[in-house]
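Chain and residue survey
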Amino acid sequence: MKLDPKRIFSALLVVGLMGFLTGGCEETPWRARRGNTLYLTSPDPIRTLDPAIGYDTTSWTYERVILEGLLDYDDEANLIPAIAESWEVTPDGRTFRFQLRRNVRFTHGREVVAEDFKYALERILNPESTSPGAGFFKNIVGASAFIDGLADQVAGIRVPDSHTLEIELTQPDVSFLNVLAMPFAYAVPREIVEAHPEDVARHIIGAGPFKLETWHRGKRLRLVRNPGYYRPGVPGVDAVEVQIGIPDFLSIMMFERGEIDVSSIPPPDFVRITQDPRWQPCLRSRPQNSTYYLSMNCELEPFTDVRVRRAFNYAIDKEKIVRLLNGRAVPANGVLPPGMPGYNPHLKGYPYDPVKARKLLSEAGIPEGYEIEFVTRSRPAEVKITEAIQQDLKEVGIHADLDPVAFPTWLDLSGRRGRLRFTFNAWFQDYPDPSNFLAVLLHSDAIAEVNSNNRSFYSNPQVDRLLDAASGLTDPQKRIDLYRRAEEIAVRDAAWVFLFHPTDYRLYQPWIEGGEIHPVWPLRLEVLRVKGEE
Amino acid sequence: MGKRLITRLVWGALTMLGTSVVTFSIAFLIPGDPAKMYAGEQADEETVERIRQEMGLDQPVPVQYLRYVGRVLQGDLGESLITHEPVLLAIWRRFPVTALLALGGLFCWLLLGIPAGLLTARYRDTPVDRTVLVLAMIGISIPTFWLGRVLQYELAYARGWFPVGGYRGLPHLILPCLTLGLVGAGYYARLVHSNLVETLHQDYIRTARAKGLPEWIVLFKHALRNAFIPILTIIGLDAAALLSGVVFTETVFALPGIGAQAVQAIFNLDVPLIMGTVLFSAGLVVLVNLVIDLIYPWVDPRIKGGV
């Protein structure tokens, strides 16, 4: 037989392609829905599942269903009992006493006792754990001595009996209950942590609704139902399968093809998706408890003058920014987002008024064409916003010099004292309490030389006094009154340019139930169900 | 032969040392604070400071570098600042996907490129030749990420023939391999073409034809083998290009390989992981070139350790 080269190559080509195509066909098909499993993607890597280390929404989403804490939140973000059956706070707001539920078990079989919570908290405070959450627990009596190695236990965490836990604070702070509802404070079994000191995250065991089955870092995570979970009927699915590292633009395509059950909506697809009647019933939204703002360094010219800070507030058209975001936000009039206890709907803030802005600037002696460096983060969505701000400022005679930098760079610069004059910022709630915005961001104690959370380096003794007084109150209404007064002053002082509060949008496949967006936990895996599956 | 191998190995080691110095310096010239990235945006100052000390980031950069090299020599590439995963393990776990993708891409390069080159050389100055060369030029000029997005949209999203992205098995690799392959294939078609055209004008080819050998034997046995030596060199050099193509392709299709991981590491200023990936890739390129060097004598018996 005479061999024709063309034939040989076409044969090779066909064989190669066939092999390639069939090679994968026995693998799970990528589309079909199978049983009572939830299919998800995560744009960001899951950094960790170790509750002492995780401090980002992605890690928390999974940590909080593998582990279980003393307290959790109901649908309206009110604290509810979890492992703590009941609790009481002493009238001085300094001591908390928790009664633990009996017969709650870790997935390796042992009962959860008060000692497990004490261990979890001391682990966070131990400098060796390098826990980013340590700062939240420094207020416990004896924490400083423990951190400095002067004591081998934290005196303020006491275990009178196996099912009672007592925590004493140096300063009264009722928001400490919220701190205890953060995954940092969830129970971990000491024997598991000590058996795997090098990689706690991979071997994590908790008392939550799911247990970890497989986790290939950066690739995939699989959780399966904890059959011994103490709340009946929870979780709603047998397993959760997560593909990690899938960016939003891909996840929306995968969602539309039915490959996954839940997806966020990237900005370029937003209008198309929300206007498509096919997706209307699948759409859920909720205002996010976060605030985007421009910090104006009150320690540096020209922002030492309150008139300039007010002028900047009047000069920037927030409605326009909201339109740029396709309406996925509400304009901010103050510090607290609408979903936050203490949010003040009557706060007037600064309406768009370029004439007033010009007047204030000229009173403050700012010349036409005044130049100011505007450091921003180079995320594409934010660049669009900052360009709009630049335009608005130009209208009132301010030339803002845009300087977009990479996120890590911005993070470093923005917290350095005396470094940046004017920059773009955002704050997301750690827990739903006004102190988590006002005290953390605007108290003069929050000013630091590096890594300052008070990015405007704003200091007003009157605000400090109100915030200090509020943190000691146990009466919720009186507390909120004080926080509102502090916020009003901060707004009057124009500590920031208050920009907007984003709205979260998410898509759930029609066969998924329970997909309301929660005010604290963006994605609650334990409440989701697949229709028609038990 | 032995001497050449040793020389090559020494050069390889020097290449990697140089690469590590440059990468380390760049990582520290970029403003940004790894401790703060590790601690999270909202961590308080004291906590960040403690983490910085715990990680040794408070030491001068040269000290940090020397410590790093010391550990690397003992086989310890450190831990990722973000995930705490040992870097070597992080790379090793994701390498299979990258390797499959790179091999699949290379396979497409050669599978499409060589026949196309053969065809154009054999039918030189005919419409076949011109069409294939124009297609090849288009292939060369298309950026990987663009082609990837187009294939992804048309074949996966709009038609559902392939998975859109992610990785749950081999079907997820078809489109990425094709993306990588189509771009490189054009280049190889050109390469085979120009080498063959030259070879086909040699006297020994005319002799072979004059002997009455069938054309396919002339092409394969006589011409292609000779034309293959420069192509082999280029494959070695292209190992680096392949790796960078892998970075784009993995990012477009969200494949969990070392390329996508490296991009993430850069965004997070995860210095140990960046360093590890660069060293690993440099090592890979050195290794591939070494292997190619060793294959030469087999392809061309005239080369016997003398070059």
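Residues numbered from 1 in each chain as written. Chains lettered and ligands numbered in written order. Predicted model: local features only at pLDDT ≥ 70, side-chain atom pairs only at ≥ 80, totals over all residues. Heavy atoms only, no water.

Some thoughts on the pairing of strand β6 (residues 157-161) of chain A
Residues and elements named next belong to chain A. Using the following cut-off: At least two bridges found by DSSP between two strands is the condition for calling them paired. A helix here means a DSSP run of H or I that spans at least four residues, while a strand means a run of E at least two residues long, and both kinds are numbered starting from the N terminus.
Both β6 and strand β7 (residues 164-168) contribute to a ladder of three bridges, which runs antiparallel. In the sheet register, Arg-158 faces β7, and the bridge partner there is Glu-166. The loop that links β6 with its antiparallel partner β7 comprises two residues.

Side note on the sheet that holds strand β9 (residues 220-225) of chain A
Residues and elements named next belong to chain A. This is how the line gets drawn: The convention used is that axes are lines fitted to C-alpha atoms, helices contributing only their stretch in contact, and that angles between N-to-C directions extend from 0 to 180 degrees.
Strand order across the open sheet formed by four strands is β1-β10-β9-β8, with mixed pairing between neighbours. Looking at strand neighbours, the two that pair on one side only are β1 (37-42) and β8 (210-216), the edges of this open sheet. The average angle at which neighbouring strand axes cross in this sheet is 15°, direction not considered. Pairing between β8 and β9: six bridges, direction antiparallel. By the bridge assignment for β9, Trp-215 is matched with Leu-221.

Observations concerning the pattern of salt bridges
Residues and elements named next belong to chain A. Quick reminder of the rule: The salt bridge definition used is simple: a Lys or Arg side-chain nitrogen within 4 Å of an Asp or Glu carboxyl oxygen. For the exposure calls, accessible area comes from a 1.4 Å probe over protein chains only, and a residue counts as buried if that area is under 20% of its type's maximum, exposed if over 50%, partly exposed in between.
Applying the stated rule across the entire model yields 37 salt bridges over all chains. Residue Arg-272 pairs with Asp-269 through a salt bridge whose shortest N-O separation is 2.8 Å. A residue pair is termed a helical-turn pair when its members lie 3 or 4 positions apart in one helix, as Arg-272 and Asp-269 do in helix α8 (residues 267-275) at three residues. In this structure Arg-272 comes out as partly exposed when scored by relative accessible area, which is 37%. Here Asp-269 falls in the buried class, since its relative accessible area comes to 16%. A salt bridge links Asp-392 to Lys-320; the shortest N-O distance between them is 2.8 Å. Taken together, the residues Asp-392 in helix α12 (residues 380-395) and Lys-320 in helix α10 (residues 318-324) connect sequence positions 72 residues apart. Judged by its relative accessible area of 3%, Asp-392 is buried. Through salt bridges that share partners, Arg-94, Arg-97, Arg-158, Glu-166 and Glu-168 make up one connected network.

Topic: unusual backbone geometry
All names here are of chain A. Following Val-234, the chain continues into Pro-235 via a peptide bond in cis, with omega recorded as -5°. You can see Pro-235 is positioned in the loop between β9 and β10 (239-244). The peptide bond linking Glu-301 to Pro-302 adopts the cis configuration, its omega dihedral lying at 0°. Checked against the element boundaries, Pro-302 lands in the loop between β13 (290-296) and α9 (306-315).

Here we look at the nonpolar core
Basically, it comes down to this: Side-chain atoms within 4.5 Å link the members of a nonpolar core, which is a set of buried Ala, Val, Leu, Ile, Met, Phe, Trp, Tyr and Cys residues. Contacts between residues were defined by any pair of non-hydrogen atoms, one from each residue, lying within 4.5 Å.
Formed by 87 residues in total, the largest nonpolar core has its most connected members in Phe-98 and Phe-137 of chain A. Per-element accounting of this core gives the leading share, seven residues, to helix α3 (residues 114-125) of chain A. Among residues more than four places away in sequence, those in contact with Phe-98 of chain A are Leu-70, Leu-71, Ala-84, Ser-86, Trp-87, His-163, Thr-164, Leu-165, Ile-167, Leu-177 and Leu-180 of chain A. Counting 63 residues, the second largest nonpolar core, distinct from the first, contains Leu-151, Leu-175, Leu-200 and Leu-255 of chain B.

A look at the packing of aromatic side chains
All names here are of chain A. Filter applied, for reference: Whether two aromatic rings pair depends on their centres lying within 6.5 Å, for rings of Phe, Tyr and Trp, where Trp uses its six-membered ring; planes under 30 degrees apart make the pair stacked, over 60 edge-to-face, and the rest tilted. Only when the NZ of Lys or the CZ of Arg is both within 6 Å of the ring centre and within 35 degrees of the ring normal is a charge said to sit over the ring.
Scanning all chains against the criterion turns up 31 aromatic pairs over all chains. A centroid spacing of 5.1 Å and a plane angle of 85° characterise the contact between Tyr-314 and Tyr-350, whose relative ring orientation is edge-to-face. Here Tyr-314, found in helix α9, pairs with Tyr-350, found in the loop between β14 (329-331) and α11 (354-363); they are 36 residues apart in sequence, far enough to count as distant. Take Tyr-314: its relative accessible area is 12%, and that puts it in the buried class. We classify Tyr-350 as buried; its relative accessible area is 7%. Joined through ring pairs, the aromatic side chains of Tyr-55, Trp-60, Tyr-73, Phe-136, Phe-184, Tyr-431 and Trp-521 make up one cluster. When the ring centre of Trp-410 is taken as reference, the NZ or CZ atom of Arg-377 above it lies at 4.3 Å.

Quick word on the side chain of Ser-452 of chain A
Residue and element names in this part refer to chain A. The condition that has to hold: As used in this structure description, the phrase polar contact means that two N or O atoms lie within 3.5 Å; if the pair is within protein, one of them must be able to donate a hydrogen and the other to accept it, and residues adjacent in sequence are counted only when both atoms belong to side chains.
As for its placement among the helices and strands, Ser-452 is situated in the loop between α14 (435-442) and α15 (461-471). Polar contacts involving the side chain of Ser-452 include one to the main-chain amide nitrogen of Ala-448, which spans 3.2 Å. A distance of 3.0 Å separates a polar atom in the side chain of Ser-452 from the backbone oxygen of Asn-454. The contacts of Ser-452, once residues within four sequence positions are left out, are Gly-415, Ala-446, Ile-447 and Phe-457.

Brief notes about the environment of Glu-115 of chain A
Residues and elements named next belong to chain A. You can see Glu-115 is positioned in helix α3. The class of Glu-115 is partly exposed, set by a relative accessible area of 37%. Considering only alpha carbons, one finds Glu-115 and Pro-232, 117 residues apart in sequence, at a separation of 25 Å. Setting aside residues up to four positions removed in sequence, Glu-115 forms contacts with Val-159 and Arg-190.

Brief notes about the sheet that holds strand β4 (residues 84-89) of chain A
All names here are of chain A. Taken in spatial order, the four strands line up as β4-β5-β7-β6 in an open sheet, and their pairing is antiparallel. With one partner strand each, in any of the chains shown, β4 and β6 form the two edges of the open sheet. For this sheet the average axis-to-axis angle between neighbouring strands, irrespective of direction, equals 20°. When strand β5 (residues 95-100) meets β7, the two strands line up antiparallel, connected through five bridges.

Notes on the confidence of the model for chain B
The condition that has to hold: As a per-residue measure, pLDDT reflects the predictor's confidence and takes values from 0 up to 100.
Looking at chain B as a whole, its pLDDT mean stands at 82, while 96% of the residues score no less than 70. Under the prediction, the complex receives an ipTM of 0.75, its pTM being 0.81.

Here we look at the packing of helix α7 (residues 248-256) of chain A against helix α7 (residues 144-158) of chain B
Going by this rule: Here the word oblique covers every angle except those under 35 degrees (roughly parallel), over 145 (roughly antiparallel) and from 65 to 115 (roughly perpendicular). Two helices crossing with the near one rotated counterclockwise from the far one by less than a right angle form a left-handed crossing, whereas a clockwise rotation gives a right-handed crossing.
Interaxial distance between α7 of chain A and α7 of chain B falls to 11 Å at its minimum, and their mutual angle equals 15°. Taken together, the axis directions place α7 of chain A and α7 of chain B in an arrangement best described as roughly parallel. Handedness of the crossing formed by α7 of chain A with α7 of chain B: right-handed. Each of Phe-249, Leu-250, Met-253 and Glu-256 of chain A in α7 of chain A lies in contact with α7 of chain B, whose residues at this interface are Arg-149, Gln-152, Tyr-153 and Tyr-157 of chain B.

With respect to the interface of chain B and chain A
When the parts come together, some accessible area is lost, and that loss is often what is quoted as the size of the interface. Note the cut-off: Here the buried area means the combined drop in accessible surface, using a 1.4 Å probe, for two parts upon being joined, counting both sides. Residues are grouped as follows: Ala, Val, Leu, Ile, Met, Phe, Trp, Tyr, Cys and Pro are nonpolar; Asp, Glu, Lys and Arg are charged; every other residue, Gly included, is polar.
Taken together, the contacts link 69 residues of chain B with 64 residues of chain A. Summed over both partners, the interface of chain B with chain A buries about 5,900 Å², with 60% contributed by carbon and sulfur atoms. Where chain B meets chain A, there are zero salt bridges. Counting the contacts that link chain B with chain A gives seven residue pairs in polar contact (both at pLDDT 80 or more). Secondary-structure elements contributing two or more residues to the side of chain B that touches chain A are α2 (34-39), α3 (45-55), α5 (87-122), α7, α8 (171-200), α10 (215-253) and α11 (258-268) of chain B. When grouped by side-chain class, the residues that make up the side of chain B that touches chain A number 39 nonpolar, 14 polar and 16 charged.

A short note on the pairing of β1 of chain A
All names here are of chain A. Within β1, six of the six residues are buried, which leaves the element mostly enclosed by the surrounding structure. Here β1 shows a buried face lined by Thr-37, Tyr-39 and Thr-41 and a second buried face lined by Leu-38, Leu-40 and Ser-42. In this sheet, β10 lies alongside β1 in parallel orientation, the contact comprising six bridges. From the neighbouring strand, Ser-42 faces β10, where its bridge partner is Ile-244.

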